[in-house]
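Chain by chain, the residues:
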Amino acid sequence: RISYSSGEVVFLKAYGAAQELPVRMDCRAILMDPTYVSLFSQKSFKIINRSEHTVSYSFKQFASGAEEQNAKHRFGGGTESMSDPALTGEIEFDYSFKNNSFALSPAEGEVWPNAETEITVTFTPSTSTEMSCVAFCDIVGKEHRLPLQLQGTGIGPRIVLSYNVIDIGEVFINSVSEYDVDLVNQGDISAAYELAPSYSVFGSKFNFEPCSGTLSVGHRERVRIAFSSDVLGEFEESFEWALLGTPRPLILTLRGKVIGPTFHIDQQMLDFKRVSVAFLCSRCFHVFNTSDIPFRFHLRVPGDGALLKREFELVPSTGTIVPHGKQKVQVDFIPLNTRVYSLSIVLDIEGVGEQMASIAMKAESVVPDV
């Protein structure tokens, strides 16, 4: 409707139609070849322009402008954050396509009339798993952005252990045991590895050397394992090596049992028979160390008196027995009163436990007839 100053009114009928330009991508999905981590592979596709116009394109993260606005509000670009007086200018957002594993080149440009342009997809996997994403091609002259599905599989390093389980059997407390295991690179790329620390009771008693490094293709690395424990008991510990480029670790399990030193006493009972009060009577026994480690012992007689009232003296009452050595112990008995004795000598091993063994003693003290 058009109104003139003369009062005349004219009605015009307007008509228009919008039409998409014949521009397309020659594929909507690209499956990349399996690719080793830290390497890359490439494929290409085309954007084809069959119109009489030059069109520009760019690859975006979102399917539409509305989704971009929603993302802008979610991540701090809404009117609420803009009301902060500390902000002097509007935050700028980059909606162009970005991905850690996939890249498009050129990511934006122009396509001439009745021509086509080639886009290269570069796949650089960061881990050995299946990865996929969608890039949206925003083309001038198209109502909707064209989705491009990208998919690929990363191939990680292939390192294997010469053993997955080591049963170390029985080991003596405080002894040092050493073992070897090989890391072998059977893949086609170098691999970095690192052992995760263990903080469990027995796991902390293991030492690995080396615990990290890089293994070249076809090479092997010998890892030396040292174990020394001051704690008794059975254990089963799993250790994990993290491999760069794969979420699956290498796992080595070690199991065994920490035992105390083994020994033998050549007497089970000391019989002093009848002993006169205030007279000395002695007996002897031997303690044999049958293990590969030394141990320190302490001997005592529970129930015996103290100091001047003590009736039994052990010589020596403490000491160290070397591996496969022996110690002679003399027991001196001087009774102070008339009575019947039924006591025991107990043996404690330092750092292992108390009353590890005992020797029975019996005697009768009498006053002689004069």
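### Here's the deal with the overall build of the protein
Each helix and strand in the protein was counted, giving two helices and 30 strands. Dimensions of the protein, computed from the C-alpha atoms along their principal axes, are close to 165 × 55 × 30 Å. With 370 residues in all, the protein has 36% of them scored as buried. Partitioning the contacts of the protein with sequence separation of at least 6, the portion at a separation of at least 24 is 69%. Within the structure as shown, the protein displays about 22,000 Å² of accessible surface, and the carbon and sulfur contribution to it stands at 50%.

### Observations regarding the sheet that holds strand β30 (residues 353-366)
Two strands in a sheet stick together by hydrogen bonds in their backbones, pointing the same way (parallel) or opposite ways (antiparallel). Pairing is mixed in the open sheet, where five strands are placed in the order β23-β30-β29-β25-β27. The two strands at the open ends of the sheet, each matched to only one other strand, are β23 (269-276) and β27 (318-321). Direction aside, neighbouring strands of the sheet carry axes that sit 25° apart on average. Sheet analysis places strand β25 (residues 295-300) next to β27, joined by four bridges and oriented antiparallel. When the sheet's bridge partners are listed, R296 is paired in β27 with T320.

### Considering the packing of aromatic side chains
For the structure shown, the criterion picks out 17 aromatic pairs. When the ring of F206 is compared with that of F239, the centres are 5.3 Å apart and the planes differ by 70°; the resulting orientation is edge-to-face. You can see F206 sitting in strand β17 (residues 206-209) and its partner F239 sitting in strand β20 (residues 233-243), a full 33 residues away along the chain. Residue class for F239 comes out buried when judged on its relative accessible area of 2%. These aromatic residues form a ring-pair network of at least three members: F202, F206, F208, F227, F235, F239 and W241. Here R339 stacks its cationic end above the ring of Y341, 4.1 Å away from the centre of that ring.

### Focus: the environment of Q268
Counting through the fold element by element, Q268 comes out in the loop between β22 (263-265) and β23. By relative accessible area, which is 72% here, Q268 ends up exposed. For the pair Q268 and V352, spaced 84 residues apart in the sequence, the C-alpha separation amounts to 22 Å. Residues in contact with Q268, not counting those within four places in the same chain, are I359 and A360.

### Description of the nonpolar core
Among the nonpolar cores identified, the biggest contains 57 residues, and F208, W241, F272, F285 and I345 are the most heavily contacted of them. Leaving out residues up to four positions away in the same chain, F272 has contacts with C281, S282, R283, F312, V331, F333, M361, K362 and A363. In terms of nonpolar packing, the next biggest core, distinct from the first, is built from 24 residues, M25, C133, A135 and C137 among them.

### Side note on the state of the cysteines
For the coordinates displayed, the defined rule picks out zero disulfides. Summary of cysteine pairing: C137 is not part of a disulfide, and the nearest cysteine sulfur, belonging to C27, is at 11 Å. Here C137 falls in the buried class, since its relative accessible area comes to 0%. No disulfide involves C284; its sulfur sits 10 Å from the nearest other cysteine sulfur, which is in C281.

### Brief notes about unusual backbone geometry
Going from S105 to P106, the amide bond is cis rather than trans, its omega being -5°. Residue position: P106 is located in the loop between β8 (102-105) and β9 (108-111). With omega at -5°, the peptide bond leading from V315 into P316 counts as cis. Positive phi, normally seen in glycine, also occurs at N114, with a value near 50°. Note that N114 resides in the loop between β9 and β10 (115-123).

The rules behind the values
Residues numbered from 1 in each chain as written. Predicted model: local features only at pLDDT ≥ 70, side-chain atom pairs only at ≥ 80, totals over all residues. Heavy atoms only, no water. Helix = DSSP H or I, 4+ residues; strand = E, 2+ residues; numbered from the N terminus. Buried < 20%, exposed > 50% of the residue type's maximum accessible area, 1.4 Å probe, protein only. Contact = heavy atoms within 4.5 Å. Areas by Shrake-Rupley, 256 points an atom, 1.4 Å probe, with all protein chains shown as cover. Pairing = 2+ DSSP bridges. Axes fitted to C-alpha atoms, helices over the stretch in contact; angles between N-to-C directions. Phe/Tyr/Trp six-rings, centres within 6.5 Å; stacked < 30°, edge-to-face > 60°. Lys NZ or Arg CZ within 6 Å of the ring centre and 35° of its normal. Core = buried A, V, L, I, M, F, W, Y, C linked by side-chain atoms within 4.5 Å. Disulfide = S-S within 2.5 Å.

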